Amino acid sequence: MPETQLQAPPRTAPPAVESTGGSEYVTIIQPPSKWPRLGVAELWRFRELMGVFVWRDLKVRYKQTVIGGGWALLQPILPTVVYTLVFGKDANFPSDRLPYPIFAFASVLVWQYFSAALTVSSGSLVANVGLITKVYFPRLLLPLGAVTTPLVDLALGCGLLVLGMAWYDVWPSTAVLLAPGFIAMAAATALGAGLILSALYVRYRDIPFIIPVFMQVLPFLSGVIYAVSSLPAKWQWLLAFNPLTTAVAGWRWAMLDGKPPVLGQAAIGVAMALLIVTAGFAFFKRAEPKFADTI
C-alpha cells in the first residue's frame, strides 16, 4: 500500500508522528490510486536508502575475487578482442572509417552497461525478498539502484577508452558534450525494461531463462559489432525502433567523432526509450501493491 507523509501540526502530537531530520511527519497509508503515480517526493525522502543499495551492490560485486575491480576492465576488453579478430579482420565489418578495435570497444562499453543494468534490475525484487516482505520503502528504489550500480564499471571502462583513443589518435569533437545523453538513453531503456521484467519475475520465474536468449540476439540488432549506417536505408529505419541502436551509434559519434546518427532515426530511438520507461513505470506501479503477497 502506498504511503504519504504530511507535516504534522505543531500543537498536536499523535502517536503516528515521526521525527525525520528535525521535522515532524504523519504517515498516512492509503489504497493505491486508479492511475499509477511516480511519487517523486517519496523517492527523494528515501534517496539515502538507494545510496545504501548501490553501495551494498558495489561491495559484494567483486568480493572474494582475485583481481577485484579489475574485472570491470577485463569485461569489455575480452569481447573487443574477439570481435576484432572475428568481425574486424576476417569478416571486415564496416566501422564508420574508424579503427575497428576502438570502434568495437566503445560499442561494448554501452552494451555491457545495458546488459548488466537490465539483468540485475530484472531480478532486484526477488533478490531482496526479505526486505520487501518485512519493511516498507518505495520498491522502485531496487530497480533504480540496480541500473545505477553498473555506471561505476562504465566509468572505469571510459578510462580505458580514452587510452585507446590516444593510441589510435582518435579524438572527439564538441559532440562529446552529448555523450552523457546517450548513456542516459541506454539507462532509461534498461530501467523501463527492468521494471517490467522485475514485476513479472515476482509471479513468473521464467524471466531468468528468457533474458540470456534475448541478450544473445540484441547486439546484432543494435549495431554493436557493425555500423548501422552501412545497411540499406529501410533496415536503418527499422532498427531505429530499437533505442539501443541510437544509444550505441550516438555514443560512438560523441566519443570518437564517427558518423552522426540520422536525426529522424535518432528521434524515433529517443521516443521509443521514453515509451519503454513510461510503460515500465506504469506497469511496475500497478503491480506494486501485490509484490509482498506474491513474492
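Residues numbered from 1 in each chain as written. Predicted model: local features only at pLDDT ≥ 70, side-chain atom pairs only at ≥ 80, totals over all residues. Heavy atoms only, no water.

(A) The arrangement of the overall build of the protein chain in detail. The helix and strand inventory of the protein chain stands at 14 helices and three strands. When contacts within the protein chain are restricted to residue pairs at least 6 apart in sequence, long-range pairs at least 24 apart make up 77% of them. Carbon and sulfur atoms form 68% of the exposed surface of the protein chain, whose accessible area is close to 15800 Å². (Helix = DSSP H or I, 4+ residues; strand = E, 2+ residues; numbered from the N terminus. Contact = heavy atoms within 4.5 Å. Areas by Shrake-Rupley, 256 points an atom, 1.4 Å probe, with all protein chains shown as cover.)

(B) Looking closely at helix H8 (residues 150-168). Given a rise of 1.5 Å per residue, 19 residues ought to cover 27 Å, and the 27 Å separating the end C-alpha atoms of H8 matches this to within 8%. Tucked inside the fold, the buried residues of H8 contact helix H2 (47-61), helix H3 (71-90), helix H4 (100-122), helix H7 (141-148), helix H9 (179-203) and helix H12 (243-256). Once H8 finishes, Asp169 follows within two positions and takes phi at roughly 55°, a positive value. (Expected span 1.5 Å × (residues − 1).)

(C) Expanded view of unusual backbone geometry. Located in the positive-phi region is Asp96, a residue other than glycine, with phi close to 55°. For Asp96, the position within the fold is in the loop between H3 and H4. For Asp96, a relative accessible area of 17% gives the class buried. Unusually for a residue other than glycine, Arg97 sits at a positive phi of about 65°. One can find Arg97 in the loop between H3 and H4. Classification of Arg97 by relative accessible area gives exposed; the value is 80%. (Buried < 20%, exposed > 50% of the residue type's maximum accessible area, 1.4 Å probe, protein only.)

(D) Structural detail: the environment of Arg47. Tracing the backbone shows Arg47 in helix H2. By relative accessible area, which is 40% here, Arg47 ends up partly exposed. Sequence separation of Arg47 and Leu141 is 94 residues, and the distance between their C-alpha atoms is 8.3 Å.

(E) Local environment of the side chain of Ser222. Following the sequence through the fold, Ser222 ends up in the loop between helix H10 (207-217) and helix H11 (233-239). Dropping the residues within four chain positions of it, Ser222 is found in contact with Asn242, Leu244, Thr245 and Val248.

(F) Spotlight on the pattern of salt bridges. Inspection of every chain in the model, using the stated rule, returns two salt bridges. With its nearest N and O atoms 3.3 Å apart, the salt bridge here joins Asp57 to Arg56. With a closest N to O distance of 3.0 Å, Lys285 and Glu288 form a salt bridge. The residues Lys285 and Glu288 share a single accessibility class, namely buried. (Salt bridge = Lys/Arg side-chain N within 4 Å of Asp/Glu carboxyl O.)

(G) A look at a nonpolar patch on the surface. Among the surface-exposed residues, Ile67, Trp71, Leu73, Leu74, Ile77, Leu78, Val81, Val82, Leu85, Val86, Val152 and Leu156 lie close enough to one another that they form a single nonpolar patch of about 930 Å² accessible area. For the nonpolar patch, the secondary-structure elements that each account for two or more residues are H3 and H8. It is H3 that provides the largest number of residues to the nonpolar patch, a total of nine residues. Structurally, Val82 can be placed in helix H3. (Patch = residues over 30% accessible without salt bridge, like charges linked within 9 Å, V, L, I, M, F, W, Y side chains within 5 Å.)

(H) Here's a closer look at H12. With 14 residues, H12 extends 20 Å between its outermost C-alpha atoms, agreeing within 8% with the 20 Å of an ideal straight helix rising 1.5 Å per residue. Among the 14 residues of H12, 14 are classified as buried, and the element is accordingly described as predominantly covered.

(I) View of the environment of Pro212. By the secondary structure assignment, Pro212 is in helix H10. Between the alpha carbons of Pro212 and Ser115 there is a distance of 9.5 Å; along the sequence they are 97 residues apart.

(J) Quick look at the confidence of the model for the protein chain. Averaged over all residues, the pLDDT of the protein chain is 86; the fraction at 70 or higher stands at 87%. Per-residue pLDDT, averaged within each element of the protein chain, yields its smallest value for strand E2 (residues 17-20) (43) and its largest for H12 (96). Confidence drops under pLDDT 50 across residues 11-22; counting only partners more than four residues distant or on other chains, this segment forms 14 contacts. (pLDDT = per-residue confidence, 0-100.)

(K) Local environment of the packing of aromatic side chains. For the coordinates displayed, the defined rule picks out eight aromatic pairs. Centre to centre, the rings of Phe182 and Trp253 are 6.3 Å apart; their planes meet at 80°, and the pair counts as edge-to-face. One end of the pair, Phe182, is in helix H9; the other, Trp253, is in helix H12, with 71 residues separating them in the sequence. One exposure class covers both Phe182 and Trp253, and it is buried. (Phe/Tyr/Trp six-rings, centres within 6.5 Å; stacked < 30°, edge-to-face > 60°.)

(L) How the structure looks around the packing of H2 against H7. Taken N-terminus to C-terminus, the directions of H2 and H7 make an angle of 50°; their axes are 9 Å apart at the nearest point. Taken together, the axes of H2 and H7 are oblique relative to one another. Of the two possible hands of crossing, H2 and H7 adopt the one that is right-handed. Between H2, through Leu49, Met50, Phe53 and Val54, and H7, the contact on the second element is made entirely by Leu141, Leu142, Leu144, Gly145 and Thr148. (Axes fitted to C-alpha atoms, helices over the stretch in contact; angles between N-to-C directions. Parallel < 35°, antiparallel > 145°, perpendicular 65-115°, else oblique. Left-handed = near helix turned anticlockwise from the far one by under 90°.)

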